Structure formats: C-alpha cells, structure tokens
Amino acid sequence: MTASDAHRAIEAVFRIEAPRLIAGLARVTRDVGRAEELAQDALVAALQQWPDEGVPRNPGAWLMQAAKHRALDGLRRAKMLKRKHEEIGRDLDEEDDPIAGIEAALDDELGDDLLRLIFTACHPVLAVEARLALTLRLIGGLTTEEIARAFLVPEPTMAQRLVRAKKALAEAKVPYEVPHGAELANRLASVLEVVYLIFNEGYAATGGEDWVRPAFCQEAMRLGRILAGLAPQEPEVHGLVALMELQASRLRARIGPDGEPVLLLDQNRARWDRLLINHGLKALETARKLSAAPSPYLLQAELAACHARANTAEETDWRRIAALYGALGALTPSPVIELNRAVAVAMAEGPAAGLVLVDALASAPALKNYHLLPSVRADFLVKLGRHGEAEAEFTRAAGMTRNRRERDLLLGRAETARKAQAAG
C-alpha cells in the first residue's frame, strides 16, 4: 500500500469511526472539545503508523486504543487524576487504581454513547446555527471546510463558530447524558429539528449554485436511522425518518440534465426511488403504531406519503393533503404551513380559492422575506390569466432567493408571464 493509498483509507475509516470514537471519549472526559482533540490525536497517530504497518484488522479499536493512551497521558501530565476520580467515582465503584478505572471506562462499550453525543451537540444552550455545525462536525464527520462551504461562510468563520459552540457547552456545564422525563421530549425536539434542517439544506439549498445537495440528505437520513436504532420507542424519530426517506425518493427527479430545478408536478415519477419510498412507508407505519396522537413529523410524513403513492400528478389526493396541512397547522401554527395549505386548496378547489388564502398571509412578519410567498402567488395569478401581476411577483421572488438555480427558474417564469401578457 502506497502512502497516498494509506492516507485515503485512513480518512475513510476515520470518517466512519470518528462519531463513535468521540462519543466514547466524551463520556469519560465530559468535554466534547477535549474528546474531539483526542480523536484527532488518534488520527495523527494513524497517519504516522498505518502507511508503514498497514491498516489494522479492526481500525476502530486501534483508534480508540490510541486515543485512550493519549487521554491517560494527558490526565497524568495535568495531574487531574484526583478530580477525574471524584467525577466518575460512583461509576467506578471507588476503584483503588484511578488509572485502571479510567481505562475501564474508556473500554466500556455503552450503546448510549452516540445518543449522548447527539443530545449534547444539539443542546438548546447553542444557537440553531451552532447546533447544525457541531452536529455535522462531531456526528457527521464533515471537515470544517466542508461545513463552511455548505453554509456559504468563510472557513475561519465556521472554525470560530465551532470553537465557540464547544466552549459554550463547557461553560454551561452541559451534562453528557440522555435526558429523562419531560426534558427528553424537549431535547429530542431540538435533536430532530437539527437533523431535519440538515436534510432540508440538501433537499432545497438556501444558497449557492446547486438546487439540491444529496450528500446532506444522505447524512441527515443516516443520523435519523441512528436515532431510530438508539430510541426505537420514540414515534417522532420514526416519523422524521419516514418524512426524509419519502422526500429523498424524489431527489433524482428534482433536477434536470443541467442541474436546473424540476418542480413536483413536472417530475418524471419513474425516476422516483421506489426502494426509499417502501422504506419510508414502513417507517411511517412504525410511527403510527407507536404514536397515541398526531404529531408534527408524523403528519408531515403522511403528507409526503400522499405524493409517494400517486403514480401521476393527476392522482394526487389534494383534498387529503389540504386536510393534513390543516391538522398540522392546528398542532404547530405557522404561516409557512398555511402557505402550503393554500397550494393544496388551490389544487383541489382552484387558484382563486388558493389566492384568497395567500393574500391573507401577505402581512405575516415571518413571510416578509420568504420568496415562496410571491412565488406561490404568482403561480395562482398565471392560472387566473393575470400575467402582468404574475411577472411582477415572480421577479420579486427571484430577488429574495439566494440560490442561483432557483433565481434562474423564477426569472424564467417571469419572462414566460411577460410574453403571455404581451401576446394577450
């Protein structure tokens, strides 16, 4: 194996093993930042030794062993043994030898480690942007450069954001644990929000040159499946997995040959991923069985299922979709949900009915800079033959979006409306 081959293998292994490695180290150090440093130290050791010695049979165990030795050396040098012994004394049952106790803790394979890490990275003490970045870094294994590029910020800015996030967790003394009781529901909502925000950034990128970023969708689905395995009795986890898989089934059909957006009603449904649809429907069924009442991700998954089950756009049950949006809006009131309900009502009852609902949302502060409001309104206006007004609304929407592909689409629709107005 050449040095370059070894380095590629090491990078691939580390991306897979890093979340579990950091999770195990964080359980003992009670410091996510320190755990990540130790994992990086293990990576450096691998880069030094594997090119000559070859990739070990169990690379994950090798990395953990290297990180464990580094952790113990650090504890000895910093003379932190007494404090660490006090912190984990109960877990170690007052071991006579604190070094041996810490070794035992590092070797202990607890199934909740990764779940603890996810709950820590998504703690509400952090701003949403920081939760997103830290989750992608610690659990997703993305580099700082990759995360910065995804969120369209300079790499030094993202690096500082990650440093501040880890510092905030340490200063707030966030316990490295899975919460219980009422707090679990609140914290789980934060975790699921982060995972779904990552998915949405892949499904409809907020900025940049690409309309979709499939790698982000894949990462979010991977995180969702991890959560489903670690918290199998939580219906909203399965609801989110179902929602993401059903939506992701349309990814290949969402872009044309040159990367241009293809809207839902224009998509070639033969390109939808039937395997993902089947997986999503199974996850939805699991969520239904576990849920005693409708819940946000379950209802959104039901909405996605309506589209997934329709073999053609004409077969879509828009009345059911409108009713589901109504139920979702009653559960979690939002002008964005109401805008989506307006689209469903327009498809079921005609564009005039939808326009009434959209115009009622015009003054909603949350939609002031939301490009889909004028975009949806313009679509209704086109169907009503009011092409001059539609052109203005499409142009206004194009000025609000930060995604180049979406801007081009909206400007193209504005031009089509202008020509229709001129021809009329």
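Preceding this paragraph is the structure being described.
Residues numbered from 1 in each chain as written. Predicted model: local features only at pLDDT ≥ 70, side-chain atom pairs only at ≥ 80, totals over all residues. Heavy atoms only, no water.

Novice: Help me understand the packing of aromatic side chains in this model?
Specialist: Ring pairs (aromatic) are described by centroid distance and by the angle formed between their planes. A complete count under the given rule lists 4 aromatic pairs for this structure. On the numbers, 5.2 Å between centres and 70 degrees between planes, the contact of Trp-50 with Trp-62 is edge-to-face. Linking Trp-50 in helix 2 (residues 32-53) with Trp-62 in helix 3 (residues 59-77), this pair joins segments that are 12 residues apart in sequence. Between Phe-199 and Tyr-203 the ring centres are 5.8 Å apart and the planes differ by 15 degrees, which places this aromatic pair in the stacked class. In this pair, Phe-199 and Tyr-203 are both assigned in helix 10 (residues 181-203), 4 residues apart and thus about one turn of the helix distant. Classification of Tyr-203 as buried rests on a relative accessible area of 9%. Three or more aromatic residues joined by ring pairs form one cluster here, namely Tyr-196, Phe-199, Tyr-203 and Tyr-297. For Arg-250, the ring lying beneath its charged end belongs to Trp-272, and the centroid distance is 5.9 Å. The aromatic ring of Tyr-203 is capped on one face by Arg-254, whose charged end is 3.9 Å from the ring centroid. (Phe/Tyr/Trp six-rings, centres within 6.5 Å; stacked < 30°, edge-to-face > 60°. Helix = DSSP H or I, 4+ residues; strand = E, 2+ residues; numbered from the N terminus. Buried < 20%, exposed > 50% of the residue type's maximum accessible area, 1.4 Å probe, protein only. Lys NZ or Arg CZ within 6 Å of the ring centre and 35° of its normal.)

Novice: Help me out: how do you make sense of helix 14 (residues 296-309) in this one?
Specialist: Helical geometry note: an α-helix holds 3.6 residues per turn, so side chains three or four residues apart project in the same direction. With 14 residues, helix 14 ought to run about 20 Å at 1.5 Å a step, and its terminal C-alpha atoms sit 20 Å apart, in line with that. With 11 of its 14 residues buried, helix 14 lies for the most part within the structure. Those residues of helix 14 that fall on the buried side of the exposure criterion are Tyr-297, Leu-298, Leu-299, Ala-301, Glu-302, Leu-303, Ala-304, Ala-305, Cys-306, His-307 and Ala-308. If you follow the buried residues of helix 14, they end up packed against helix 10, helix 12 (235-248), helix 13 (274-290) and helix 15 (318-331). (Expected span 1.5 Å × (residues − 1). Contact = heavy atoms within 4.5 Å.)

Novice: Looking at this structure, how should I read the side chain of Arg-377?
Specialist: Assignment of secondary structure puts Arg-377 in helix 18 (residues 372-383). Judged by its relative accessible area of 19%, Arg-377 is buried. In contact with Arg-377, other than residues within four places in its own chain, are Leu-355, Val-358, Asp-359 and Glu-393.

Novice: Where do I start with the pattern of salt bridges in this structure?
Specialist: If the charged atoms of two oppositely charged side chains come close together, the side chains can form a pair. For the structure shown, the criterion picks out 22 salt bridges. Here Lys-167 and Glu-171 are joined by a salt bridge, their closest N and O atoms 3.9 Å apart. Residue Lys-167 and its partner Glu-171 are located together in helix 9 (residues 155-171), separated by 4 residues, close to a single helical turn. (Salt bridge = Lys/Arg side-chain N within 4 Å of Asp/Glu carboxyl O.)

Novice: Hey, could you run me through unusual backbone geometry in this one?
Specialist: Positioned with a positive phi, Lys-173 is a non-glycine residue whose angle comes to about 50 degrees. Tracing the backbone through its elements, the reader meets Lys-173 in the loop between helix 9 and helix 10. What makes Lys-173 exposed here is its relative accessible area of 70%.

Novice: How do you make sense of the side chain of Ser-190 when you look at a structure like this?
Specialist: Relative to the helices and strands, Ser-190 is located in helix 10. The buried category is assigned to Ser-190, whose relative accessible area is 5%. Only 2.6 Å separates the side chain of Ser-190 from the backbone oxygen of Cys-122, close enough to count as a polar contact. (Polar contact = N/O pair within 3.5 Å; in protein donor to acceptor, adjacent residues only side chain to side chain.)

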